[in-house]
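# Chains, contacts and geometry: an overview
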Amino acid sequence: MHAATFEKLLQHLKTARQRAVFLLAPTTAAAQQAFLQELPQRLPHHLWLSDSPAIATQAAMDRYRDYLGATHSQVVLEFHRHVHADALAALAGTVAGGGCLWLLLPPSRTPFTERLLNAASDFALVNVATTLEELAQQLRRLTQLALPEAAQPSLPSDAQATIIEAMASNMTATHVLLADRGRGKSTTLGRAIVTTFRATELPIWVTGPHPRAVQTLLHEAQGKALFRAWDKLLSEPENFGQRLVIDEAAALPLHVLRELVQRYDVWALATTVDGYEGCGKGFAVRFFTELQQQTKVIRHELQDPLRWSAADSAEAWLNQLLLLKPQPLPEFALTSSQLSWRHCSAAELDEDGLSQVMALLLEAHYQSSPNDLRLLLDDPAQQLIIGQQHADIVAVCWAAIEGPLESALATQVCQGERRLKGQLLPQALGFYRQQFACTQWRWLRIVRIATLPALQRQGLASTLLDTVATQALAQGIDALGTSFGATPELNTFWRKNSFLELRRGQKRNASSGAVNTLWARPLQPHTQPLIATLAQLQQAEQQWYEHQTLATPTPCLTQQAKALLKGFRAGHLPFSNVRFAWVYLYAVKQLPLTNIQADIAQPERVLAEVAQAHRFSSRGAFENWLRDQAQALC
């Protein structure tokens, strides 16, 4: 990688305001190490993220959202395990025209990395190199490309100026600014703040996922804006009602956005929604619909890129690679006699079929992201059940095989010593419900289910689930399961399709803002009794939370409650996860309630407050006391 050649290329790219992408695809560990040694010496002012950071100048890949909202000349993404497609999609848009995006790929090849490498052939400025020598050849080739010169855009652009004027003339509305990366959203917001609130003495508060993510906005606001972390904003009731601007909105949890809108006067909100952020298109559908019901909303869009020239092809490459711009979904009547079903992996689909599947998933009200495509292509445990009418895909179920867990590993999971990726159902039931038996079953988890919007509410999703159940039974699956943010509508749908709720969590789902819930449908006779009992336990616990009459004791219910308390006594579970079991067993044994027991039996009482009210020195001391008391119950 000759320094003079690289400098010549950077000048060439800068004049054209275009970006180059380098896919470094070593096939040996030695070639990989050579890239790792060479790049830091050659790249000026780079941002380097790694999925296994080894030095202080590298950032962790899963912290990529911290670097949104800024502009970089050189971005390096170092992948050792697999390609983090969300980070790739988001950070590629932070590279300015004249800069480069570098992807250091794992030596092993997968369907997704093959897709990534194959897509490069359609774009002259997207390059593949397996060695340093090949990289040097690519650099020399690029310096010879005929790239048209492009002048720097004048700011604000005509489109930005129009939006700034509209925002300044409508101070009481909530302005929603949508655009892909590189269109100048943050610059527009910053300048709109200056124009609108020039005479205001106090700065406008701005929030976002991280201070770095709003750097451009704060700079353009010229001191008229001040960053405030969203968690601080929600913990300061004395400031509720003040004016607020939210940048990179889709990177915040949905329930946080709802609370901010309820508690503050949100004047402007900017976001990217086409697969780059945490909530994707589902974010736009749900949140903007709710927002319009609460306040006057004025929607603005920026179309033309400013960070690079219109001739730049990196974005087109990324959209093609990650299917970020799917074709509009068709609208037609469904003829059931012509509906066929297909069970396959994503890697078996052709480009048209894969594009249709991803379009359905992105359109659905789910937390879809580019990583979904990588997981579907690379993980053999991921399956697709597709409903088609001729060549059109009208419904899709994304399902994942989970379990059984090896016995020793399952014991560690139940004891809270191990947490496993890709084993949500056996892990959640093994740990939170202390059910070793559930870790030994073969599950099929429904990850996503989507139908064409034009065909919704016609029973197609239920037909799809029945088809999934029939095929799963033929595969020897013990039970179906799913997990989602609980809402009355979704609960009704899954209950109608013979699923039973087995657990409701305590944390909100970032996509829906609702608490997570876990449902199951037994397929084999030996799974039916335990699933039915766990459903009774969950129903009884929910009744307690809602201050209804405590469930009638049964031997099975009592056995499950004792299993939870034994897990608590052994130190595997925190008391918050077994609180209902404690209350239930006190009622079953008809033990007298002391003042502290009466407080514990009230679901609205916060445990930390109970501990403090009864003069425990710490939460740990309180739980130790509870463990001693639990001996009488189990």
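Relevant structure appears above.
All figures in this text were calculated on a predicted structure; none of them were measured in a lab. (Residues numbered from 1 in each chain as written. Predicted model: local features only at pLDDT ≥ 70, side-chain atom pairs only at ≥ 80, totals over all residues. Heavy atoms only, no water.)

So, about the overall build of the protein. Counting its regular elements, the protein contains 25 helices and 19 strands. Counting only C-alpha atoms and orienting by the principal axes, one finds that the protein spans roughly 85 × 65 × 55 Å. Counting across all 634 residues of the protein, residues that qualify as buried make up 55%. Counting only carbon and sulfur atoms, one obtains 50% of the accessible surface of the protein, whose full area is about 27200 Å². In the protein, 56 side chains carry a positive charge and 55 a negative one; their mean positions are 5 Å apart. (Helix = DSSP H or I, 4+ residues; strand = E, 2+ residues; numbered from the N terminus. Buried < 20%, exposed > 50% of the residue type's maximum accessible area, 1.4 Å probe, protein only. Areas by Shrake-Rupley, 256 points an atom, 1.4 Å probe, with all protein chains shown as cover. Lys, Arg positive; Asp, Glu negative; His and termini not counted. Charge placed at Lys NZ, Arg CZ, Asp CG, Glu CD.)

Along strand β15 (residues 392-402), ten of the eleven residues are buried, which leaves the element largely enclosed by surrounding structure. Where strand β14 (residues 382-389) and β15 come together, eight bridges link them in antiparallel fashion. Each bridged residue has a counterpart across the sheet, and for Gln382 the counterpart in β15 is Ala400. Between β14 and β15, which pair antiparallel in sequence order, lie two residues; one of them, His390, sits at a positive phi of approximately 60 degrees. Pairing of β15 with strand β16 (residues 443-451), which is carried by eight bridges, proceeds in the antiparallel orientation. (Pairing = 2+ DSSP bridges.)

With that out of the way, let us pick up the packing of helix α13 (residues 351-363) against helix α14 (residues 370-378). α14 packs onto α13 with a crossing angle of 135 degrees between their chain directions and a minimal axis gap of 11 Å. It follows that α13 is oblique to α14 by the angle criterion. Where α13 crosses over α14, the two elements pack in a sense that is right-handed. Residue-level inspection shows Leu354, Met358 and Leu361 of α13 in contact with α14, the latter providing Asp372, Leu373, Leu376 and Leu377. Taken together, the residues of the contact of α13 with α14 sort by class into six nonpolar, no polar and one charged. (Axes fitted to C-alpha atoms, helices over the stretch in contact; angles between N-to-C directions. Parallel < 35°, antiparallel > 145°, perpendicular 65-115°, else oblique. Left-handed = near helix turned anticlockwise from the far one by under 90°. Contact = heavy atoms within 4.5 Å. Nonpolar A, V, L, I, M, F, W, Y, C, P; charged D, E, K, R; others polar.)

The subject of this paragraph is the packing of aromatic side chains. Scanning all chains against the criterion turns up 18 aromatic pairs. Pairing Trp441 with Trp443 gives two aromatic rings, centres 5.4 Å apart and planes at 40 degrees, and the pair type is tilted. A relative accessible area of 0% places Trp443 in the buried class. Over the face of the ring belonging to Trp308 we find Arg19, whose NZ or CZ atom lies 3.4 Å from the ring centre. The ring of Trp205 has Arg228 sitting right over it, with the charged end atom 5.9 Å from the ring centre. (Phe/Tyr/Trp six-rings, centres within 6.5 Å; stacked < 30°, edge-to-face > 60°. Lys NZ or Arg CZ within 6 Å of the ring centre and 35° of its normal.)

Right, let's talk about the sheet that holds strand β9 (residues 225-227) for a bit. Hydrogen bonds between backbone atoms are what pair the strands of a sheet, whose relative direction is either parallel or antiparallel. With respect to topology, six strands assemble into an open sheet ordered β9-β8-β10-β11-β7-β12, the strand pairing being parallel. Edge strands, defined here as strands with exactly one partner in the open sheet, are β9 and β12 (297-302). For this sheet the average axis-to-axis angle between neighbouring strands, irrespective of direction, equals 20 degrees. Pairing of strand β8 (residues 204-207) with β9, which is carried by three bridges, proceeds in the parallel orientation. Counterpart to Val206 in the pairing with β9 is Phe227. The strands touched by helix α6 (residues 158-168) are β7 (174-179), β11 (265-271) and β12; relative to β12, the strand with the most contacts, the crossing angle is about 165 degrees.

Take the sheet that holds strand β1 (residues 20-24) next. Pairing is parallel across the open sheet formed by six strands, whose spatial order is β3-β2-β4-β5-β1-β6. Only two strands of the sheet have a single neighbouring strand rather than two, namely β3 (59-60) and β6 (126-129). In this structure, strand β2 (residues 46-50) lies alongside β3, joined through two bridges in parallel fashion. Bridge pairing in β3 places Ser50 opposite Ala60.

Mapped onto the elements, Asn239 comes out in the loop between α9 (230-234) and β10 (243-246). With residues up to four places along the chain from it excluded, the contact list for Asn239 reads Trp205 and Tyr264.

The biggest cluster of nonpolar side chains holds 86 residues, and the ones touching the most others in it are Leu77, Leu88, Leu101, Leu103, Leu116, Trp317 and Leu384. Within the second largest apolar cluster, 30 residues are counted, among which are Ala551, Phe580, Tyr584 and Ile600. (Core = buried A, V, L, I, M, F, W, Y, C linked by side-chain atoms within 4.5 Å.)

What follows covers helix α22 (residues 579-588). Burial of α22 is extensive: eight of the ten residues sit out of reach of the surface. All of the buried residues along α22 are Arg579, Phe580, Ala581, Trp582, Val583, Tyr584, Leu585 and Tyr586. Along its buried surface, α22 packs onto α20 (528-545), α21 (555-569), α23 (595-600), α24 (607-613) and α25 (619-630).

The general pattern is negative phi for most residues beyond glycine and trans for most peptide bonds. Pro156 follows Leu155 through a cis peptide bond whose omega is 0 degrees. Locating Pro156 in the fold gives a position in the loop between α5 (132-143) and α6. Positive phi values are uncommon outside glycine, yet Gln590 reaches one of about 55 degrees.

A few words now on the pattern of salt bridges. Counted under the stated rule, the structure contains 24 salt bridges. Residue Arg299 pairs with Glu301 through a salt bridge whose shortest N-O separation is 3.3 Å. Arg299 gets classed as exposed once you look at its relative accessible area, which sits at 53%. Here the residues in one salt-bridge network are Arg63, Asp66 and Arg212, joined through shared partners. (Salt bridge = Lys/Arg side-chain N within 4 Å of Asp/Glu carboxyl O.)

The interhelical angle for the contact between α20 and α21, taken along N-to-C directions, is 75 degrees, at an axis separation of 9 Å. One finds that α20 runs roughly perpendicular with respect to α21. Judged by residue contacts, Leu530, Thr533, Leu534, Gln536, Leu537 and Ala540 of α20 engage Cys556, Leu557, Gln560 and Leu564 from α21.

Moving on, we come to the side chain of Asp180. Structurally, the position occupied by Asp180 is in the loop between β7 and α7 (185-196). Overall, Asp180 belongs to the buried group, its relative accessible area being 11%. At a separation of 2.8 Å, a polar atom in the side chain of Asp180 contacts the side chain of Lys325. (Polar contact = N/O pair within 3.5 Å; in protein donor to acceptor, adjacent residues only side chain to side chain.)

Let's shift gears to the state of the cysteines. What is meant by a disulfide is a covalent connection between two cysteines, made through their sulfur atoms. For the coordinates displayed, the defined rule picks out zero disulfides. Cys414 carries a free sulfur, and the closest cysteine sulfur to it, the one in Cys438, is 8.9 Å from it. Free cysteine Cys556: the closest other cysteine sulfur is in Cys438, separated by 14 Å. On the basis of relative accessible area, Cys556 is assigned to the partly exposed category, the value being 40%. (Disulfide = S-S within 2.5 Å.)

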